[in-house]
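# Commentary on secondary and tertiary structure
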Amino acid sequence: MLKIIFGTESGNAEMGAEDMVTALTEAGLEAVAVAMDVYDVEELADEEHIILMTSTYGEGELPMTAAPFYENLKTVSPDLKGVKFSAFGLGDSTYETYNQAIKSLMVLMTELGAEQVGEPGFHDAALPYSISDMAVCWANRQFIFA
Amino acid sequence: MSELTPTVAIIGSGPAGCYCAQFLKKSLPSAEVIVFEALPVPYGLLRYGIAADHQGSKNISAQFERMFTRGGVCFIGNTEIGKDISLDELKAAFDVVVVATGLSADRKLGITGDDLISVVGAGQLLRTLNGYPDSDHALGYLRPLGQRVVVVGNGNVAMDVVRLIAKSEEELSGSDINDEARQALCTSGVRRIDVIGRSSVEQAKFDLAMLREICHLKHAIVRCPVKAATFTGPAADLLLSNEATTNRARDVMEINFHFSTTPVLISSDNQTTVLTLKQDGEENLHDICCDTLITAVGFCHGSGHSLTATGSYSVGWVRRGPKGTVAENRRDAAEVADEILGDLRSGRLITGKTGLKAVEHKIAHKAVSFTQWKILDRHEIHHAAPGRCRKKTTSLTEMLSVMAPPVLLPE
């Protein structure tokens, strides 16, 4: 079961996550999307394989809805040995802090013992490719045609 | 609860209105949700407010496009509530009415001389650079900016103005800026921009990323000529480190930031506009001369009749004031949608009104659909000049004629 935990501010990451679920489900995999602001970090240690998905705001920060997830993760500091995660970030290379948020999450998860699987995916809003296309392509490469 | 099938009318298709439609439709899949828009084109400030060189921020339109094409929300453009359909008629036809009309006018400075012809509102200017359809107002502002420009304001809108004036042709590549407007304004003839802000550098409202973009402009030197005794904080650090780098080409534009400075009055002297200022801590006033003064001090209701929200809901800037961009208005839309849901569930709001069917006969001759907008959308992209991602149609008549090509008469 692939659980996509997304942090969104404009709804873009949420749309990307939903499209990823559709693509994975259509390929016969079990997948579900849940927002970071309703996800309990205490459950992370029990997850098999999660996909973290978030956009970047302000000075390389996580969206408002995702920031508590990051802070709780730091505070609770669960032992994530055995937990696999993949990462997909949404950013805009017009700004210096391009995709900083997903990168911070990747670092934190690794520090907590989780194992990053596969290549991280990055959507760049400065390029003319849709979030859906990029997210689904990446999911296909990581999980379906792996 | 998902059995609830209210009829919902949202007035305005900017981000707030669209997000509200999105949230409502998600919670009430069987509801009739109609988004009315006065212009033939959707998206409000997404299209006419967000700067032409910040295309990335505009990509939320993909969410709204999905909603209008397969998400069961109906877009009705070229329909002005208050004119084509009265607000009372709308309220009589729909169970829920949400006003999402924004704030279209620039706030004035409120000092003597703030109505001189050389004083221009930033919203007006940005809208024009964003290809807002021709109107008496828009044409009136298309005079050359001159060599010296003053921008009053320290928010992101002020920064958009500075950046779009100062960017070179090369730096504007990939944007959909209105080149006719740029040429009429003679943006490339501007040699100096002075940015005036009442707050200290530390309290200036612009995002640091916006200041950084300006500091990275290829053909401008950014300075802060008068620094307060305590010149601290991330913005100050950025300005200081930027001033330290000296390798710039000649013939560059000067951009000067003046913090803790309050405009006192505006006057004119021959062809020059004079802004009298008070610097914090200084007793004497001082003057700065310019050819054009651009005010970026917020937005308010326009002089035309605005729809009052009695007996209906409101969302976005019209509800909360001109604060926040996309994300904040999405949060507001979520809140309002929740409030509406609560009222429906509790029975405070009764349902049963007909909805669109009750009023569509009034607008059948003029309303445009989302499909028709897509025809114009493709047309604008197709006609983009080199270095541009689209060429916006700036005439309402032309928009409508592109959207509804003449029917071929039988011979």
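So, here is what we can say about the structure in this document. (Residues numbered from 1 in each chain as written. Chains lettered and ligands numbered in written order. Predicted model: local features only at pLDDT ≥ 70, side-chain atom pairs only at ≥ 80, totals over all residues. Heavy atoms only, no water.)

## What to know about a negative patch on the surface
Residues and elements named next belong to chain A.
- Side chains of Asp40, Glu42, Glu43 and Asp46 sit close together on the surface and give a patch of like negative charge.
- Summarising the element assignment, Asp46 is placed in the loop between β2 (31–35) and β3 (49–55).
- On the accessibility criterion, Asp46 (68% relative accessible area) is exposed. (Patch = residues over 30% accessible without salt bridge, like charges linked within 9 Å, V, L, I, M, F, W, Y side chains within 5 Å. Areas by Shrake-Rupley, 256 points an atom, 1.4 Å probe, with all protein chains shown as cover. Salt bridge = Lys/Arg side-chain N within 4 Å of Asp/Glu carboxyl O. Lys, Arg positive; Asp, Glu negative; His and termini not counted. Charge placed at Lys NZ, Arg CZ, Asp CG, Glu CD. Helix = DSSP H or I, 4+ residues; strand = E, 2+ residues; numbered from the N terminus. Buried < 20%, exposed > 50% of the residue type's maximum accessible area, 1.4 Å probe, protein only.)

## Details of the interface of chain A and chain B
- Taken together, the 19 residues of chain A in the interface contact 19 residues of chain B.
- Buried surface at the junction of chain A and chain B, both sides included, amounts to about 1500 Å², of which 45% is carbon and sulfur.
- One can count six salt bridges joining chain A with chain B.
- Between Glu14 of chain A and Arg330 of chain B there is a salt bridge whose closest N-O contact spans 3.1 Å.
- Counting every contact that joins chain A to chain B gives twelve residue pairs in polar contact (both at pLDDT 80 or more).
- Going through the elements one at a time, α1 (12–26) and α4 (131–144) of chain A are the ones with two or more residues in the side of chain A that touches chain B.
- Considering only residue class, the side of chain A that touches chain B consists of five nonpolar, seven polar and seven charged. (Contact = heavy atoms within 4.5 Å. Buried area = accessible area lost by both parts, 1.4 Å probe. Polar contact = N/O pair within 3.5 Å; in protein donor to acceptor, adjacent residues only side chain to side chain. Nonpolar A, V, L, I, M, F, W, Y, C, P; charged D, E, K, R; others polar.)

## Quick notes on the environment of Gly44 of chain B
- Its place among the elements puts Gly44 of chain B in the loop between β2 (32–36) and α2 (45–48).
- Setting aside residues no more than four positions away along its own chain, Gly44 of chain B makes contact with Ser13, Gly14 and Gly49 of chain B.

## Some remarks on the packing of aromatic side chains
Residues and elements named next belong to chain B.
- Per the stated rule, a full pass over the model turns up 15 aromatic pairs over all chains.
- Relative to Phe370, the ring of Phe75 lies with its centre 6.1 Å away and its plane at 85°, an arrangement referred to as edge-to-face. You can see Phe75 sitting in strand β3 (residues 73–76) and its partner Phe370 sitting in helix α14 (residues 370–382), a full 295 residues away along the chain.
- Judged by relative accessible area, Phe75 falls into the buried class, the value being 3%.
- Every member of this aromatic cluster is reached through a ring pair, and the members are Tyr19, Tyr43, Phe64 and Trp373. (Phe/Tyr/Trp six-rings, centres within 6.5 Å; stacked < 30°, edge-to-face > 60°.)

Spatial relationships are all this shows, so hold off on functional conclusions.
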